[in-house]
2 protein chains.
Amino acid sequence: MPTPEARLAALSPRLRIDFGAGVRFGHGKADLLDAIVETGSISAAGRKLGMSYRRAWLLVEELNTLFDTPVVMTSAGGAHGGGTQLTPFGHQVLGAFRQVEARTRAAIGEEFAPLAAHLLAPVTP
Amino acid sequence: MPTPEARLAALSPRLRIDFGAGVRFGHGKADLLDAIVETGSISAAGRKLGMSYRRAWLLVEELNTLFDTPVVMTSAGGAHGGGTQLTPFGHQVLGAFRQVEARTRAAIGEEFAPLAAHLLAPVTP
């Protein structure tokens, strides 16, 4: 039986930021950017998250339409056969999203603390 | 052409809180609770939000499984033919959610402020 504190700590944000016109930047795209940093490739990042190359590429393209500066850049050729990486601006965007997420998580912990004793362990619907 | 400040102000949170086991409390359920407060009825609240009575009822039931105390209560009969209202506990839950949402909105404004000059007006995909 988890304690109220453990149940409260288990509440986690699923954050999306609505940029208007139906375009959202959320945990899915943020995880994709993290996976691109880690793997240096859109296809490998997509594979890691269980999405097709096409879907991963579309998400990256959508992100690139939100700003006047690219978030992700692909370099051709070179000794390592090229690859995809976040631009310095892309790292700033990802950092801002993760900061908002962390602050949301903290806000959940504080605002739901008075209700923690009433939290039930959720049951799969 | 909107200013960077106007573009920044247009960014809005689409927040869901994951309670585990696939159950989430997000803006959809929060809007439904607001509509129940306003209309005094699950079916009228659902209509207001363009959802079926069945869907609205299922969302309310899901909310009631998250806590050991009901969020919504239906009173039978009476001079006004009964109706549905939030319990005092339900008002607390809704208030906590709206507080987290407001704090997330403030965090977006602050964390994305350094990037505001790079925001483009989004285009419908």
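These numbers were taken from a predicted model, which means no experiment stands behind them.

Caption draft 1: Highlighting the interface of chain B and chain A. Facing the 43 residues of chain B at the interface are 43 residues of chain A. Roughly 3,900 Å² is buried in total at the junction of chain B and chain A, and carbon and sulfur atoms are behind 63% of that figure. Three residues, R14, R103 and F112 of chain B, lead the burial of chain B against chain A; their summed loss comes to 15% of the area buried on that side. Summed over the shared surface of chain B and chain A, the number is four salt bridges. Ionic pairing is found between E110 of chain B and R103 of chain A, a salt bridge with its closest N-O pair at 2.9 Å.

Caption draft 2: Here's a closer look at the pairing of strand β1 (residues 12-18) of chain B. Taken across its seven residues, β1 of chain B has five buried, putting it largely inside the fold. As paired elements, strand β1 (residues 12-18) of chain A and β1 of chain B share seven bridges and run antiparallel to each other. Bridge pairing links R16 of chain A to R14 of chain B in β1 of chain B. As judged from the three bridges shared by β1 of chain B and strand β2 (residues 24-26) of chain B, these two strands associate in the antiparallel manner. Paired with D18 of chain B across the strands is R24 of chain B, a residue of β2 of chain B.

Caption draft 3: The arrangement of the sheet that holds β1 of chain B in detail. Taken in spatial order, the four strands of this open sheet run β2(A)-β1(A)-β1(B)-β2(B), and their pairing is antiparallel. Taken across any chain shown, the strands that pair with only one partner, and hence form the sheet edges, are β2 (24-26) of chain A together with β2 of chain B. Ignoring which end each strand starts from, the neighbouring axes of this sheet average 25° apart. In this fold helix α5 (residues 88-111) of chain A packs onto β1 and β2 of chain A together with β1 of chain B, with an angle of close to 135° to the strand it touches most, β1 of chain A.

Caption draft 4: Just the packing of aromatic side chains, in detail. As enumerated under the stated definition, the model contains eight aromatic pairs over all chains in all. Measuring from ring centre to ring centre gives 5.9 Å for F19 of chain B and F67 of chain B, while their planes differ by 80°; the resulting arrangement is edge-to-face. Pair noted here: F19 of chain B is in the loop between β1 and β2 and F67 of chain B is in the loop between α4 (53-64) and β3 (72-75), with a separation of 48 residues, a long-range link. A single burial state applies to F19 of chain B and to F67 of chain B, both of which are buried. Feature note: the residues F19, F67 and F89 of chain A together with F112 of chain B constitute an aromatic cluster, connected by ring pairs.

The rules behind these values
Position numbers for residues start from 1 in each chain and track the written sequence from start to end. Lettering of chains starts at A and numbering of ligands starts at 1, both following the order in which they are written. In view of the model being predicted, local features appear only for residues whose pLDDT reaches at least 70, and side-chain atom pairs are presented and counted only at 80 or more, with totals across whole chains, interfaces and linings using the full set of residues. Derived side-chain values reflect all non-hydrogen atoms in the structure, with water molecules and hydrogen atoms excluded from consideration. Any two residues whose heavy atoms approach within 4.5 Å are treated as being in contact. Two parts lose some accessible area (1.4 Å probe) when they are put together, and adding that loss for both gives the buried area. Whenever a carboxyl oxygen of Asp or Glu lies within 4 Å of a side-chain nitrogen of Lys or Arg, that contact is scored as a salt bridge. Each residue gets one of three labels from its accessible area relative to the maximum for its type: buried under 20%, exposed over 50%, partly exposed in between, using a 1.4 Å probe on protein chains only. Per the convention used, a helix needs a DSSP run of H or I reaching at least four residues, while a strand needs a run of E reaching at least two, with both numbered from the N terminus. DSSP calls a pair of strands paired once it identifies at least 2 bridges connecting them. Axis geometry follows a simple rule: fit a line to the C-alpha atoms, using only the stretch in contact for helices, then measure angles between N-to-C directions, giving values from 0 to 180 degrees. Ring pairs shown here join Phe, Tyr and Trp side chains whose ring centres sit within 6.5 Å, with only the six-membered ring taken for Trp; geometry is labelled stacked below 30 degrees between planes, edge-to-face above 60, and tilted in between.

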